[in-house]
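A look at the structure
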Amino acid sequence: MAEIIGIRFKDVGKVYYFDPMGQIMNIDDKVIVETARGIECGSVAIPNKEISDDKIVHPLKQIIRKATDDDLRRIAENRKKEKRAFSICLKKIEEHKLDMKLVDVEYTFDSSKILFYFTSDGRVDFRSLVKELAAVFRTRIELRQIGVRDEAKMLGGLGICGRPFCCSLYLGDFQPVTIKMAKEQGLSLSPVKISGTCGRLMCCLKYEQAAYTDLLKTIPKVGAIVDTPNGEGVVIEVNPLTKILKVKLNKAPEAAPSIFQSSEVKLIKDAQIKVNKKELEALKKLE
């Protein structure tokens, strides 16, 4: 067992473990630590806690100190400098006519490096841009290309549900979301209905997937052959939550589908939910 504290460097970011060095820390306390990027200031997300060694990446780095008033003033100054750096970088991008969108700028705590985050549809040759920025700011410059999900997380906004983006509100890491999840949940595969503001599949599709997976184990799937009180037929629509099935009867293929509760039918041959190639081609950019 080892005593740790969890430190987060962004409002909604990954939590990293550090050795508290015997100091008692509370949630939201600011601490100065050394990271792979250099000296950084983070917020305590997990107060002093003992965890098993197999959950720790050794060696565990130690905190340097609890943030002082001078440290907090330096952070505030860095936030001001970031706004200026953002403006300067935008002008330089326009001058070089680079196909890239600047998203955010971040100074490290000790100002030894400035990170510029951008998005782009392809690769960008920004070597000359880096040289000019280094000449202006006289410090190390790093341009980091990020994805559209990361952009949404950084900038924030409101989703179609009317609430702030999950990624900017509480999701520390992005979870894999697939077209198959949308299909298993009986959602329309219209890109407008299953994609978020970032243009990728909505993260919330992941939340209920485990429940839908369990429900689909107990009811026939679309394409299954079933025996109903009115004869055999094929399931053409399923509502996993209500367990209501729409069945096209073999004896009346031209008639409207009949509706049954799953408990009223007997499964003859089940089907599998698959995303066909045509659907995958049309929607692959959403994943």
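Scope of this entry: the structure provided in the associated data block. (Residues numbered from 1 in each chain as written. Predicted model: local features only at pLDDT ≥ 70, side-chain atom pairs only at ≥ 80, totals over all residues. Heavy atoms only, no water.)

**Focus: the sheet that holds strand β5 (residues 63-66)**
To summarise the sheet geometry, strands pair through backbone hydrogen bonds and adopt either a parallel or an antiparallel arrangement. Spatial ordering of the open sheet is given by β2-β1-β4-β3-β5, a layout of five strands whose pairing is antiparallel. Each end of this open sheet is capped by a strand with a single partner; those strands are β2 (15-18) and β5. Neighbour-to-neighbour, the strand axes of the sheet open up by a mean angle of 45°, direction not taken into account. Alignment of strand β1 (residues 2-8) against strand β4 (residues 38-51), held across six bridges, turns out to be antiparallel. (Pairing = 2+ DSSP bridges. Helix = DSSP H or I, 4+ residues; strand = E, 2+ residues; numbered from the N terminus. Axes fitted to C-alpha atoms, helices over the stretch in contact; angles between N-to-C directions.)

**Thoughts on the layout of surface pockets**
A volume near 320 Å³ is recorded for the second largest pocket. Of all the secondary structure elements, the ones that give two or more residues to the lining of the second largest pocket are α3 (148-155) and α4 (166-169). When its residues are assigned to classes, the lining of the second largest pocket shows 13 nonpolar, three polar and three charged. (1 Å grid on protein atoms, 1.4 Å probe; cavity = no way out; pocket = protein on both sides within 12 Å on 5 of 7 lines; lining within 4 Å. Points joined across faces, edges and corners; volume = space filled by probe spheres on them. Nonpolar A, V, L, I, M, F, W, Y, C, P; charged D, E, K, R; others polar.)

**Side note on helix α7 (residues 209-216)**
Each α-helix turn comprises 3.6 residues. Residues three or four places apart therefore point the same way. Burial in α7 covers these residues: Gln209, Tyr212 and Leu216. Buried residues of α7 fall within an arc of 60° about the axis and therefore sit on the same side. (Buried < 20%, exposed > 50% of the residue type's maximum accessible area, 1.4 Å probe, protein only. Arc of directions from axis to C-beta.)

**Comments concerning the sheet that holds strand β8 (residues 140-145)**
Pairing in this open sheet of three strands is mixed, and the strands run β6-β7-β8 from one edge to the other. Bordering the open sheet on either side are β6 (101-107) and β8, each of which pairs with just one other strand. On average, adjacent strands in this sheet sit at an angle of 20° to one another, irrespective of strand direction. For β6 and strand β7 (residues 113-119), the ladder comprises six bridges, and the chain directions are antiparallel. Looking at the pairing, Asp104 lines up with Tyr117 of β7. Strand contacts of helix α2 (residues 127-137): β6, β7 and β8, with the helix running at about 140° to β8, the strand carrying the most contacts. Those strands touched by α3 are β6 and β7, and its axis lies near 60° from that of β6. (Contact = heavy atoms within 4.5 Å.)

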